[in-house]
Amino acid sequence: MLVAYSANAQTPDADAAFRQQVNAFLDEWHDDAAHANYRYFDKIAKEGVYIGTDKSERWVRDDFKAWAKPYFDKHKAWTFHAIKRNVAFSDDKSFIWFDEQLNTQMGICQASGVIRNTKDGLKIEHYQLSLTVPNPLVPQIQKEISDFDARQAHQ
């Protein structure tokens, strides 16, 4: 697990409590998506970036919200459950970085992100979601991606 160390760190109990707060925030964020609750987007900073699994998927918050609107309006967004998560933070707890492994409808995914601790609470500044690919399958999948890209270029 990643751990934040500091020369002037607070007590281990304070660090553990803050880490628990961050975990609860991220679990609630994922739960908001699972229930297509629009407050999901309020947890992302105004200029926050979400990078999805497709190479075309890089959105700032409001563009991501517009893309996701049809799913949220139908109450059928996505469900991510954290299997494990590592959380670290700056000495002053103003910046938090994390990585997590998720159980999703796409199978096991991995993600990483950066959160800023603001006067308005925690805000996701950057989140990147990735599919997990076993290393022995990379050549086969890379070929399929290359073939797909070639077909797209010829359309």
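Residues numbered from 1 in each chain as written. Predicted model: local features only at pLDDT ≥ 70, side-chain atom pairs only at ≥ 80, totals over all residues. Heavy atoms only, no water.

A. Representation of helix 3 (residues 61–73) within the structure. With 13 residues, helix 3 extends 17 Å between its outermost C-alpha atoms, agreeing within 8% with the 18 Å of an ideal straight helix rising 1.5 Å per residue. The largest bend along helix 3 reaches roughly 45° and is located at Trp67, with the proline Pro70 sitting one to four residues downstream. Every buried residue of helix 3 is accounted for by Arg61, Phe64, Ala68 and Phe72. Where helix 3 is buried, its residues meet helix 1 (12–34), helix 2 (39–42), strand 1 (44–51) and strand 2 (58–60). At the exit of helix 3 stands His75, carrying a positive phi of roughly 60°. (Helix = DSSP H or I, 4+ residues; strand = E, 2+ residues; numbered from the N terminus. Expected span 1.5 Å × (residues − 1). Bend = angle between axes of the 7 residues up to and from the residue. Buried < 20%, exposed > 50% of the residue type's maximum accessible area, 1.4 Å probe, protein only. Contact = heavy atoms within 4.5 Å.)

B. Expanded view of the pattern of salt bridges. Within this structure, the stated rule accounts for 12 salt bridges. Each of Glu28, Asp32, Arg39 and Lys43 takes part in salt bridges that share partners, so that together they form one network. (Salt bridge = Lys/Arg side-chain N within 4 Å of Asp/Glu carboxyl O.)

C. Broad picture of unusual backbone geometry. Despite not being glycine, His75 has its phi angle at roughly 60°, a positive value. Note on placement: His75 falls in the loop between helix 3 and strand 3 (81–89). If you check the backbone angles, Lys93 has positive phi at about 65° while not being a glycine. Here Lys93 lies in the loop between strand 3 and strand 4 (95–104).

D. Expanded view of helix 1. Taking 1.5 Å of rise per residue, 23 residues should cover 33 Å, and helix 1 covers 33 Å from first to last C-alpha, within 8% of that figure. Burial in helix 1 covers these residues: Asp15, Phe18, Arg19, Val22, Phe25, Leu26, Trp29, His30, Asp32 and Ala33. Ala36 lies just past helix 1 and shows a positive phi near 50°.

E. Structural detail: the packing of aromatic side chains. Applying the stated rule across the entire model yields 23 aromatic pairs. Judged by centre distance (6.3 Å) and plane angle (40°), the ring pair of Tyr50 and Trp59 falls under tilted. (Phe/Tyr/Trp six-rings, centres within 6.5 Å; stacked < 30°, edge-to-face > 60°.)

F. The arrangement of the pairing of strand 1 in detail. Where burial is concerned, most of strand 1 is hidden: 6 out of the 8 residues are buried. Where strand 1 meets strand 6 (residues 121–131), 4 bridges bridge the pair, whose relative direction is parallel. Directly across from Ile44, in strand 6, lies its bridge partner Ile124. Both strand 1 and strand 2 contribute to a ladder of 3 bridges, which runs antiparallel. Residue pairing across strands places Ile51 opposite Arg58, the latter belonging to strand 2. Hairpin connection from strand 1 to strand 2: 6 residues lie between these consecutive antiparallel strands. (Pairing = 2+ DSSP bridges.)

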